[in-house]
Each structure stands twice: as structure tokens, then as C-alpha cells.
Amino acid sequence: MVTLPKNYIDLHPEVEAFLSQTLPMYYGGKRAPAQSGKTFETVDPSTGKLLANIAEADQADVDLAVQAARSAYETGDWHLKMTPSERSSCIWKLAELLESHKDILGQLDALDNGKPFASARDVDVFWSAEHFRYFAGWPTKIEGSTIPVSTPGMFNYTLREPVGVCGLIVPWNYPLLMASWKMAPALAAGNYIVLKPAEQTSLSALYLPKLFEEAGFPPGVFNVLPGLGHKAGAALVAHHGVNKIGFTGSTEVAKEILKSSTGNLKRVSLELGGKSPNIIFADADLEKASVGATWAIFGNNGQSCTAGSRLYIEQKVFDEVVSGMADETKKIKVGPGMQLEPSHLGPVISTEQMNRVMGYIKEGYDSGGEAVSGGQRIEGDLSEGYFIQPTIFKNIDDEAKINQEEIFGPVVCAMPFKDSNEILQRANDTQFGLAAGLWTKDVNKAHQIAAKLQAGTIWVNTWGNTDAASPFGGYKQSGHGREMGKEAIELYTELKSVWMRIDG
Ligand code: ADP
């Protein structure tokens, strides 16, 4: 049984019971150990201590799970035998169940990821349920069209159909939410899914089978395979029984996925990293911009693909904004997400990630940077976990490695700029294009700059908003395809054109 530090919130009895078993995978409506009998560990990043042992999927398990999903697809248990209205009801019911299990799911994500319990429950689980609610409305609205073709005697129409079996591979930064972003549209479009959670944070995904069963999904529609990226993930990507891969993760792994998915030319959509420019003009509400820019980077501990990690501040207000941000940063409490005294930020996810982020911080100092806040690992009581001070650097060039590569941790560089022309060129000078933002009271300027920034999402006088109804995805090396909104339904459907002779 898992033993947690004394200053943690009491575990929900179901969480305690859940963590006391070796957690199985789930396919074809059944829980199963790995064919190899192997397991892997998941640890609490706040203490480095074991949380649970999990069945480790490899090729043999991927084969079985894909087979289970394929056989449900071939018999049409979800997309043909159930009506659109019945599918809507199941998806809506799942949303309700996520909400009624928010304490359990919130605790699982807070333990596994380290994020504050309140964020896990009231942000991640809440928005996951909202996501399913939005997509619950879609099964009854996925339509084809009648096409006015010019061939005499012909009637032509289109049908929008599910792609088939979808492998959904997700990261550890928002474990339940990232899975929900992919599962909800895939299911709404009538697909059969094999979810591969990140090895660092599989707990909430492994709790889902119970909720899917209770919501009335037929066996084989939802399957989950815990395991390592280069084994279970890679086997899923290469599998000929998989019609589509939906991936969220690093640009590096995405390039491997594109190569290894070519065997059956499966569809691939990619939501990847970023190095998002956040631009503060002198005519902005500087107090709001300083607070906004602080949370644009430090929200979720900088472990967001949309983190505002390149901060550009107009020269004449540079010092004022940086000092406003340093003041805001001083108020941030860092600590285990499950501790009784609430924290704003938890640890980073792993030793490996901590060493990576600390490497970038060293680069910052080595490139002549001055840390106006943070700049060190947090030791003392927290030395067993992977805690890093929220760090703001100044005096670092655009070209420095720390300003070019995605850090995925609580580190930002603030850089001054002179005018709009200069800033556009600098903001767009990156391999990424996931998000960008600007702060100004000048509406004309806001529209002009928003139109010229090369990114899939632009935020004006705000940061980080997403909504199930609004398309989300990247330009350049930040990805292919758009999640959310009607675009996500297009992503998870095939379009069929039907020709019929009607002139006798
Ligand atoms: P991060 O840097 O955020 O950990 P990754 O891209 O490494 O992102 O991982 C995101 C997801 O991709 C995880 O579920 C991971 O297990 C999986 N993954 C990692 N490597 C591969 C791979 N070669 N093929 C398929 N999936 C992989």
C-alpha cells in the first residue's frame, strides 16, 4: 500500500484501493496483465517515491488491443449498431461521470504529475468533462452533402465516416485533459480508440475503464495500453491495424512517428511543442500584462506546449514590467500538489526533466543572463522532489539556446524591443508556431500584429485560453491538423463520395 507524507491531503478511499494493486491494461472490455508479465513503476515527483506498479505493454499487448478495437470496428458495435443519439448519450454520461469522480481523478493526476490538487480537479477534470460535453453534441450533426455534379443522370452525395481504429498517444503535462482532447472528438466521430498515456502519468487513464463501462460504451471502443514510448508507443504507431495516430508530445518524437507510421500510410495528426512569443507593448495595461506574462510562463510550471517562454517587452517599459513580474513571482508558492497547505506550482515531472531544465538555467547564466528571480533548484524540505524556482532571466540574446529550444519548465527570458516592425521579425524567427500573444490597448495594432504572427493561436490581452469549440494546433514544427471544434471532427473522419445513376 502506498504511504504518503503526513502533510498530504487524505487519500480518497477509492484512490487508496486503486493504488494498492498492480494496475492492468484494458482492451476488449477486459483488464489484463502484460503478456510478458512485465510491470513498470510510476513515482510521485514531489518525493521520488513509488506510487504504483503498472502492467507494461509491448508489441504482443499492442497486437491484442488493436485486434480488440478492430473487431469491434468490423462489427460496427459503436458506429453502426448504435444510433447517433445513443452515442451522444454515452459521451454525455461519461462527462457526468468524470465530474462526479473529480476528487478521485484529481487526486490521481495530482499524485502522478505533482500539480496542485485544486488545479487537477477544478481545471483539468472540469475541462475534460466540458470537452466531452461539447463533443457529445456532435454525433447527431456529422453530415455529408449533396453535390451538384455536372455529369448528366448522376446523383452524388458524401458520407462522413469514422477513420476506424485510432491510436492516441498523449503526454504527461495534463494527463486526463490531453487524453480527453483526443478521445472526445475521436469517439464523437464513431472511432474505436487505443489510448497510450505517458509512462510518467498513466493513473487517471487507467481509472477510466470503470467510467467507460458505467457510461455504456460497448467493449472494444475504448482501450488503454500503459507502457513506454519507444516500446508500446512505437508498436502502436507502426501497427497496420491502426488507421490513425493522434499524437501530442515533442517535435523530436513526432518526426520518428511520421517515419514509422508509413507502413500502412495511416493518418497522423500532431500537436507539438512551442516557443511562444509573448509581446508587451508600452501602451498595454502594464499591471495586468505583468501578471499575465508571469502566469503565461509559470502556469502548470512551464510544462505547457503553449507556455509564453519568449517574452518581449517594449524598451521604455522593460524595467517596470520585469520588476512587476518579479514581484508577482515572489507570491508563488511551490510545493507538492497533494500537500494540505495549497501550493501554486508543483515539481517538474522527473529527475530527467529537472536535470534538463537546470541545464538550460546554467546555459542562461553562461550566456551572460541575469536571473531577476529564481535560478535555482529548491532544496531543504523539498530536496527529494524535483522542484525548481520559477526563473526570470534578462540580458540574454534571441539566438541563445535557452531562447530557441523548448525548455518545458519554469524558465523565461525577458528581452527588450524597439518597435512593431522589429518585434514581428523577431517573434516569428523560430521553428515553432503553436501560440503567440500580445498586450496593448490599441485595437488596430492588436489586429495587425495578430494577422502577422505565425502561430495557430493568438492571445490578445490574455493567455492560455482554449475551448472545445475553438480550433487548436500549430504552424511550422508545432504540428499538423487542428484539434477541437468542427476541425477535430474532420480530423477523425473520412469523407466518402457516392455516385448513383438516376436516369434509369
Ligand atoms: P515529452 O517530451 O512531453 O515527454 P514525448 O514526445 O517524449 O513528450 O512523449 C509524449 C508521448 O509520446 C508519451 O506518451 C510517450 O510515451 C510517447 N512516445 C515517446 N516516444 C515514442 C515513440 N518513439 N513512438 C511513439 N510514442 C512515443
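Residues numbered from 1 in each chain as written. Predicted model: local features only at pLDDT ≥ 70, side-chain atom pairs only at ≥ 80, totals over all residues. Heavy atoms only, no water.

## Concerning the pairing of strand E11 (residues 267-271)
- Across the 5 residues that make up E11, a large majority, 4, are buried.
- Pairing geometry for strand E10 (residues 244-248) and E11, over 5 bridges, is parallel. Following the sheet pairing, phenylalanine 247 is matched in E11 by leucine 270.
- Since E10 and E11 lie parallel, the crossover through helix H9 (residues 251-260) that links them has a hand, and here it is right-handed.
- The sheet contact formed by E11 and strand E19 (residues 479-480) spans 2 bridges and is antiparallel. In the strand pairing of E19, leucine 270 is matched with histidine 480. (Buried < 20%, exposed > 50% of the residue type's maximum accessible area, 1.4 Å probe, protein only. Helix = DSSP H or I, 4+ residues; strand = E, 2+ residues; numbered from the N terminus. Pairing = 2+ DSSP bridges. Right-handed = clockwise from strand over helix to strand, strands pointing away.)

## Considering the side chain of asparagine 428
- With respect to the helices and strands, asparagine 428 occurs in the loop between helix H14 (420-427) and strand E17 (435-439).
- Engagement of the side chain of asparagine 428 in a polar contact is seen with the backbone oxygen of lysine 452, the distance being 3.0 Å.
- Dropping the residues within four chain positions of it, asparagine 428 is found in contact with Lys452, Leu453, Gln454 and Lys476. (Polar contact = N/O pair within 3.5 Å; in protein donor to acceptor, adjacent residues only side chain to side chain. Contact = heavy atoms within 4.5 Å.)

## Re the environment of arginine 377
- By secondary structure assignment, the location of arginine 377 is in the loop between strand E14 (370-373) and strand E15 (391-394).
- Once the C-alpha coordinates of arginine 377 and phenylalanine 126 are considered, the two residues, 251 residues apart in sequence, prove to be 31 Å apart.
- Every residue in contact with arginine 377, bar those within four places of it in the chain, is listed here: Met354, Met358, Ser383, Gly385, Phe387 and Ile388.
- At a separation of 2.8 Å, a polar atom in the side chain of arginine 377 contacts the main-chain carbonyl oxygen of serine 383.
- In terms of polar contacts, arginine 377 uses its side chain to reach the backbone carbonyl oxygen of glycine 385, at 3.2 Å.

## Description of the site of the ligand
- The local shell around the ligand holds 18 residues, among which Val170, Trp172, Lys196, Glu199 and Ser250 are the closest.
- Tryptophan 172 is positioned with one of its side-chain polar atoms (N or O) 2.8 Å from an oxygen atom of the ligand.
- Glutamate 199 is positioned such that a nitrogen or oxygen atom in its side chain is 2.5 Å from an oxygen atom of the ligand.
- When the free accessible area of the ligand is taken as 560 Å², the share hidden by the protein chains comes to 82%. (Near = heavy atom within 4 Å. Areas by Shrake-Rupley, 256 points an atom, 1.4 Å probe, with all protein chains shown as cover.)

## A few points about the side chain of serine 88
- Here serine 88 lies in helix H3 (residues 84-100).
- With a relative accessible area of 12%, serine 88 lands in the buried category.
- In this structure the side chain of serine 88 is engaged in a polar contact, spanning 2.7 Å, whose partner is the backbone oxygen of alanine 136.
- Not counting residues up to four positions away in its chain, the partners in contact with serine 88 are Ala136, Pro139 and Thr140.

## Comments concerning the domain arrangement of the protein chain
- Parsing the protein chain into structural domains produces domain 1 (13-272 + 479-496) and domain 2 (277-467).
- Both faces considered, domain 1 and domain 2 share a buried interface measuring about 2,000 Å² in area, 59% of it formed by carbon and sulfur atoms.
- When the area that domain 1 buries against domain 2 is broken down by residue, the three leading residues are Pro45, Ser46 and Trp172, summing to 25%.
- On the surface where domain 1 and domain 2 come into contact, there are 1 salt bridge.
- Here lysine 49 and glutamate 384 are joined by a salt bridge, their closest N and O atoms 3.4 Å apart.
- Applying the counting rule to domain 1 against domain 2 returns 9 residue pairs in polar contact (both at pLDDT 80 or more).
- If you tally residues by element for the side of domain 1 that touches domain 2, the top one is helix H4 (residues 102-113), at 5 residues.
- For the side of domain 1 that touches domain 2, the residue count by class is 11 nonpolar, 10 polar and 5 charged. (Domains from an automatic or database assignment. Buried area = accessible area lost by both parts, 1.4 Å probe. Salt bridge = Lys/Arg side-chain N within 4 Å of Asp/Glu carboxyl O. Nonpolar A, V, L, I, M, F, W, Y, C, P; charged D, E, K, R; others polar.)

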